[in-house]
Amino acid sequence: MGNKKSIDPAALEMLSIAEAKGISTAFSRVDNMKPCPIGADGACCKNCSMGPCRLVGKDEAGKTGICGATLETVTARNLARIVAAGASAHSDHGRDMAQTLIAVANGEARSYQIKDVAKLKAVARDMGIPTEGRSKEDIARDVGTKALMSFGQQSGELVYVSRAPKKRQELWRRFGLTPRGVDREVVESLHRTSIGVDQDAEHILDQALRTSLASGWGGSMLATDLTDILFGAPKPLTAQANLGVLKKDEVNVVVHGHEPTLSEMIVAASQDPELVEYAKNKGAKGINLAGICCTANEVLMRQGVASAGNFLHQELAIVTGAVDAMVVDVQCIFQGLAKVAQTQHTKLITTSPKAKITGATHMQFDEHHAYEMAKEIVKVAIDNFQNRGEVHIPDYTSDLVAGFSHEYIEYMLGGRYRASFRPLNDAIMQGRILGVAGIVGCNNPRVTQDEGTISIMRQLLANNVLVVMTGCSAIGAGKHGFMVPEMMEQAGAGLREVCEAVGMPPVLHLGSCVDNSRILTVLSAIVKEGGLGDDISDVPAVGIAPEWMSEKAIEIATYVAASGGYVLMGGRSPVKASAEVTRILSEGWEKKVGGKVEFVDDYQEIVDKTIEHLHKKRKALGIDVAKERELFDMEKRRELVV
Ligand code: SF4
Ligand code: MSK
């Protein structure tokens, strides 16, 4: 890893301005804040006031808490709590979407419509809700209610568990890992990890697996589906990314956070002729909307709204002096934004009833009056345009193609009448595509911004690995120009041939952090299509989060492993203190659930391990020798189906 703060020239340009002006950002604060090595490695317990206990002694006594908790127990408990926090963040997002859908169905949130009726019916079918002869509102009310019930469900199985391959469902049942209810699993994790409850590392980590599944196949998957129902399943569209998307002569509104309910309305408000006229009267040429983090991904995937950048761009966007309002909801929002905003004219506006920031203006969002609220917020930005001081927008933007929902991938591969994953499975079986890698996750100022994402992706493409992306990694790839069809040039010959035939780029943007659930759906569809085993753990696929920082990233990694996937996380391991917990996450989980999580801080090693794993899976499937392309007739196709 390099010593540079970022490989993005726009970030470096803004950082030199921030430095010259003495503006503190995460990039500068990281130099003054050394991580506590005890906490970083998972060896600190502060679960009761007999401690905190720091289990760093050389002998057994030094590795035992006052209550007698061992290093293994403490490290496992810490990880389980990280997973529970991540699962609650994604799932609470899903809960909000369910409540919005019900309000829309009841006619109480008139700013929204049910845009994707086909998806509504597909979800209803999966939930066992009748659709025949019913209005979309009635179906939506039942879907929203059933979704909401998943959170408080006390027993049985979450409804989306049935979407997983049969073998996987049976495995979860066999080990008692099937999630019962979203909230129940999170609460049980917190209970079991409090002082004096669950004190067996493997048993604690089993609950971490179950809690993560409650998000992956529950809260997160619901968030994705319900958002698609309300705002439409994404389809490919072109847009732009990086700080250069801000406009000098227009009112710039930046939306940041995770939830799409307000930002979708802000998209509409920014195009409202009355407000555009108002902006012109104030001396601006128009209203320009851009996003940061996953709110950006939500409106990018569905509306083509430009992304001003990923996680570490949030403060830099304000340093440009061109952001008239930054509107935030929940998750991944630096408290430091308030101080940076004070150095400029920018209005920082918090909107969620769950999140206030000292020093910011709070305009609480209410879905029942969503459009009016969005107009008020945009008006605040317009009124602020004339207060701008010095403006410096770095001249960097890249074009990108986003909007690959799993539905669209199926359509893209098989065509309108025979939507199917068959061509992808065939390409993997023939060896044209070595396998699939999901590169996901955050930025982290402890490593060079975007370096891990880009260097790993570049090598995997050259090795014929199809790359799917979400979250801030996806924005990183977009900023560096990797999400356009021309990037086929970076792909190996086999991958390139497939991409050319299908007409798809070799790097697919699948959406926001909750949309990692789309990766689970794609993997299940690949298994169902046949020829690549009968469980997700058989598919040559790897998940990678090179620059992760959030609890949500650990939770995603855990549900991918629990679903049978191999996950490589960059950076420091939060379980490094315990060799036993490190072993359980790797060998232990691989033996139990077929997937595993490993922390590897060298990018080249991540690439090497990925390629090695894909070959290992191919060998197990008996497809490790490249075959010539063969046109399959129906009889041969039937033989393939297991
Ligand atoms: Fe120490 Fe045990 Fe209390 Fe943790 S729970 S702080 S290990 S005494
Ligand atoms: S926003 S969780 S920094 S990906 Fe989803 Fe980005 Fe990570 Fe937040």
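Residues numbered from 1 in each chain as written. Chains lettered and ligands numbered in written order. Predicted model: local features only at pLDDT ≥ 70, side-chain atom pairs only at ≥ 80, totals over all residues. Heavy atoms only, no water.

## Re helix H6 (residues 136-152)
Step number 1: Look at H6: 25 Å from first C-alpha to last across 17 residues, which is about the 24 Å you get at 1.5 Å a residue.
Step number 2: Looking only at H6, the buried set comprises Ile139, Ala140, Val143, Gly144, Ala147, Ser150 and Phe151. Burial along H6 is one-sided: seen end-on, the buried residues are contained in an arc of 130°.
Step number 3: Buried residues along H6 sit against helix H4 (71-105), helix H5 (117-127), helix H8 (182-192) and helix H9 (201-231). (Helix = DSSP H or I, 4+ residues; strand = E, 2+ residues; numbered from the N terminus. Expected span 1.5 Å × (residues − 1). Buried < 20%, exposed > 50% of the residue type's maximum accessible area, 1.4 Å probe, protein only. Arc of directions from axis to C-beta. Contact = heavy atoms within 4.5 Å.)

## Things to note about the nonpolar core
Step number 1: Counting residues in hydrophobic clusters, the biggest one holds 166 residues, and the most contacted among them are Val143, Ile266, Met457, Leu460 and Met569.
Step number 2: Take this core: its biggest share by element is 14 residues, from H9.
Step number 3: Filtering out sequence-adjacent residues up to four positions away, Met569 remains in contact with Ala545, Trp548, Ala553, Ile554, Ala557, Val597, Glu598, Phe599 and Val600. (Core = buried A, V, L, I, M, F, W, Y, C linked by side-chain atoms within 4.5 Å.)

## Overview of a nonpolar patch on the surface
Step number 1: Taken together, Met50, Ile66 and Ile195 make up a surface patch of nonpolar side chains, about 280 Å² in accessible area.
Step number 2: Mapped onto the secondary structure, Ile195 falls in the loop between H8 and H9. (Patch = residues over 30% accessible without salt bridge, like charges linked within 9 Å, V, L, I, M, F, W, Y side chains within 5 Å. Areas by Shrake-Rupley, 256 points an atom, 1.4 Å probe, with all protein chains shown as cover. Salt bridge = Lys/Arg side-chain N within 4 Å of Asp/Glu carboxyl O.)

## A closer look at the environment of Ile606
Step number 1: Take Ile606: it is sitting in helix H24 (residues 603-621).
Step number 2: For the pair Ile606 and Val123, spaced 483 residues apart in the sequence, the C-alpha separation amounts to 36 Å.
Step number 3: The contact partners of Ile606, leaving out residues within four places of it in the chain, are Ile456, Ile544, Leu568, Gly570 and Val600.

## Observations concerning the site of ligand 2
Step number 1: Residues in contact with ligand 2, as listed here, are His258, Cys293, Cys294, Phe311, Cys332, Gly441, Cys442, Cys472, Cys513, Met549, Ser550 and Lys552.
Step number 2: A class-by-class count of the residues in the shell around ligand 2 yields eight nonpolar, three polar and one charged.
Step number 3: Residues lining the shell around ligand 2 come from more than one domain, with at least three contributed by each of domain 2 (243-387) and domain 3 (398-621). (Near = heavy atom within 4 Å. Nonpolar A, V, L, I, M, F, W, Y, C, P; charged D, E, K, R; others polar. Domains from an automatic or database assignment.)

## A closer look at the site of ligand 1
Step number 1: The full set of residues close to ligand 1 is Cys45, Asn47, Cys48, Met50, Gly51, Cys53, Gly65, Ile66, Cys67, Arg77 and Ile195.
Step number 2: Considering only residue class, the shell around ligand 1 consists of seven nonpolar, three polar and one charged.

## Some words on the pairing of strand E5 (residues 287-292)
Step number 1: Counting buried residues along E5, six of its six residues qualify, which places the element largely inside the surrounding structure.
Step number 2: The side-chain alternation of E5 yields two buried faces, one formed by Ile287, Leu289 and Gly291 and the other by Asn288, Ala290 and Ile292.
Step number 3: Inspection of the sheet shows strand E4 (residues 251-257) paired to E5 by six bridges, in the parallel sense. Paired with Asn252 across the bridge in E5 is Asn288.
Step number 4: Two elements, E5 and strand E6 (residues 306-309), share three bridges in a ladder whose sense is parallel. The partner of Ile292 across the bridge, within E6, is Gly309. (Pairing = 2+ DSSP bridges.)

## With respect to the packing of H4 against helix H22 (residues 551-562)
The geometry of a pair of packed helices is captured by two quantities: the angle between their axes and the separation between those axes.
Step number 1: Interaxial distance between H4 and H22 falls to 7 Å at its minimum, and their mutual angle equals 100°. Between H4 and H22, the angle is such that the two are roughly perpendicular. Residues Leu79, Ile82, Val83, Ala85, Gly86, Ala87, Ala89 and His90 of H4 touch H22, and the partners they reach there are Glu551, Lys552, Ile554, Glu555, Ile556 and Thr558.
Step number 2: Here the contact of H4 with H22 is built from residues that sort into eight nonpolar, three polar and three charged. (Axes fitted to C-alpha atoms, helices over the stretch in contact; angles between N-to-C directions. Parallel < 35°, antiparallel > 145°, perpendicular 65-115°, else oblique.)

## Here's the deal with the packing of aromatic side chains
Step number 1: Scanning all chains against the criterion turns up six aromatic pairs.
Step number 2: Residues Trp548 and Phe599 carry aromatic rings whose centres are separated by 6.1 Å and whose planes lie at 55° to one another, so their mutual orientation is tilted. In this pair, Trp548 sits in the loop between strand E14 (541-545) and H22 while Phe599 sits in strand E16 (residues 596-599), placing the two residues 51 residues apart along the sequence. In terms of burial, Trp548 and Phe599 fall into one category: buried.
Step number 3: Here the aromatic residues Phe404, Tyr408 and Tyr411 are joined through ring pairs into a cluster of three or more.
Step number 4: A cation sits over an aromatic face here: Arg163 above Tyr160, 3.7 Å from the ring centre.
Step number 5: It is Lys596 that lies over the ring of Tyr566; its NZ or CZ is 4.6 Å from the centre. (Phe/Tyr/Trp six-rings, centres within 6.5 Å; stacked < 30°, edge-to-face > 60°. Lys NZ or Arg CZ within 6 Å of the ring centre and 35° of its normal.)

## Section: the pattern of salt bridges
Step number 1: If you walk through the whole model with that rule in mind, you get 49 salt bridges.
Step number 2: The closest approach of N and O atoms between Glu590 and Lys616, which form a salt bridge, is 3.2 Å. In this pair, Glu590 is assigned in helix H23 (residues 579-593) and Lys616 in helix H24, connecting sequence segments 26 residues apart.
Step number 3: On the accessibility criterion, Lys616 (42% relative accessible area) is partly exposed.
Step number 4: A network of salt bridges, in which partner residues are shared, links Lys119, Asp126, Arg163, Asp225, Asp228, Glu298, Arg302, Glu407, Asp515 and Arg518.

## Description of the domain arrangement of the chain
Put simply, an interface is often sized by how much accessible area is lost when its parts join up.
Step number 1: Split by domain assignment, the chain resolves into domain 1 (44-231), domain 2 (243-387) and domain 3 (398-621).
Step number 2: A straight line from the C-alpha centre of domain 1 to that of domain 2 covers 30 Å.
Step number 3: The interface is formed by 18 residues belonging to domain 1 together with 18 residues belonging to domain 2.
Step number 4: With both sides pooled, the region where domain 1 packs onto domain 2 buries about 1,400 Å², and carbon together with sulfur makes up 50% of that total.
Step number 5: Inspection of the region where domain 1 meets domain 2 yields three salt bridges.
Step number 6: When the shortest N-O distance is used, the salt bridge between Asp92 and Lys354 registers 3.0 Å.
Step number 7: Scanning the region where domain 1 abuts domain 2 turns up seven residue pairs in polar contact (both at pLDDT 80 or more).
Step number 8: Of all the secondary-structure elements, those providing two or more residues to the side of domain 1 that touches domain 2 are H4 and H9.
Step number 9: Top contributing element to the side of domain 1 that touches domain 2 by residue count: H4, with nine residues.
Step number 10: Tallied by class, residues from the side of domain 1 that touches domain 2 come to six nonpolar, seven polar and five charged. (Buried area = accessible area lost by both parts, 1.4 Å probe. Polar contact = N/O pair within 3.5 Å; in protein donor to acceptor, adjacent residues only side chain to side chain.)

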